[in-house]
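Summary of structural features
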Amino acid sequence: MKKIIITIGLCYSSIFAQDSVKAFLIAEKIVWMAEDLNVDTFRNGDKIHLVKSDSAWIWANVLGLSAYRYINDDSTLGKLYNWAAVNDVRGLASKKWRVPTMQDFKELRDTLGGPYLAGKNFKSLLNFKLDGSVRTEGYFTGYEQEGTYWTANTDPNIKEFAIQCYLLGYTDNLLLFGVDKNQGNKVRLIEDKTYQEK
């Protein structure tokens, strides 16, 4: 299988096809998807609720619905998911993949330069995008200025919050902190090495 090798300090990253998706191999052991998640069904085939307005986003969260909204309401740009979708027992990720934990993001960040430099490599080498987010009130913000990605972790200090990975366009920083679960963020998957076929 043909690989494109990118040298990042002591880290070797390859892009290759795995299960018909593009993926990056980081440090020869950890596989991340090379593209953002863009699904409208759970692993079992159930539909995820599509939201088309600010008020519908608010109500989806009030009702506890797993939901997504197209970035800037443009279906060509991808999807932003609420925490209910990320945490749904039906599984947002397809088999052999999972939502990365805060620790997964920390390890990737450290591999790619640390908290004050890794943002540049996340954006340029791993194609993490600055697509903004949906705020809890349902409106879009930060398009082409900030990138927000869910982790699989809730905030240990505030039960209404979950941890996000946060990138800014004008800095190389990469931050991890808690935000309201009713926000809409992107999702990037990591290989689930514990997965076993049943």
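Before reading on, note that the structure itself is shown above.
My aim in this report is to walk through the structure given alongside it, one point at a time. This is a predicted model, so every value here is computed, not measured.

Comments concerning helix H3 (residues 102-111)
Taken together, the buried positions of H3 are Asp104, Phe105, Leu108 and Arg109. The buried residues of H3 all sit within an arc of 135 degrees when viewed along its axis, so they share a single face. The positive-phi residue at the C-terminal boundary of H3 is Gly113, with phi of around 120 degrees.

Describing the packing of aromatic side chains
For the coordinates displayed, the defined rule picks out nine aromatic pairs. Judged by centre distance (6.4 Å) and plane angle (75 degrees), the ring pair of Phe105 and Phe128 falls under edge-to-face. Here Phe128 lies in the loop between helix H4 (118-124) and strand E9 (131-134) and Phe105 lies in helix H3, a separation of 23 residues in the sequence. An angle of 55 degrees between the planes, with centres 4.7 Å apart, marks the rings of Phe128 and Tyr149 as tilted. Highlighted residues: Phe128 in the loop between H4 and E9 and Tyr149 in strand E11 (residues 146-154), separated in sequence by 21 residues. Owing to a relative accessible area of 4%, Phe128 belongs among the buried residues under this scheme. Members of the aromatic cluster, each reached through a chain of ring pairs, are Trp32, Phe105, Phe122, Phe128 and Tyr149. Directly above the ring of Phe128 sits Arg188, whose terminal nitrogen or CZ lies 4.2 Å from the centroid.

Here's the deal with the pattern of salt bridges
In total, this model carries 12 salt bridges according to the counting rule given. Put simply, Asp36, Asp131, Lys186 and Arg188 are held in one network by salt bridges that share partners.

Reading the values: the criteria
Positions within a chain are numbered from 1, following the residues in the order the chain's sequence is written. Owing to the predicted nature of the model, reporting of local features is limited to residues with pLDDT of at least 70; listing and counting of side-chain atom pairs is limited to 80 or more, with chain, interface and lining totals taken over all residues. Values reported for side chains reflect all heavy atoms of the structure, with hydrogen atoms and water molecules removed beforehand. Remark: exposure states derive from per-residue accessible area (1.4 Å probe, protein chains only) relative to the maximum for the residue type, with buried under 20%, exposed over 50%, and partly exposed in between. The secondary structure listing takes helices from DSSP runs of H or I that are at least 4 residues long and strands from runs of E that are at least 2 residues long, numbered from the N terminus. What the arc describes is the spread of directions from the helix axis to the C-beta atoms. Between the rings of Phe, Tyr and Trp (Trp by its six-membered ring), a pair exists once the centres lie within 6.5 Å; its type follows the angle of the planes, with under 30 degrees stacked, over 60 edge-to-face, and the other angles tilted. To sit over a ring, a charge needs its Lys NZ or Arg CZ within 6 Å of the ring centre and within 35 degrees of the ring normal. Salt bridges, as used here, are contacts in which a Lys or Arg side-chain nitrogen is within 4 Å of a carboxyl oxygen on Asp or Glu.

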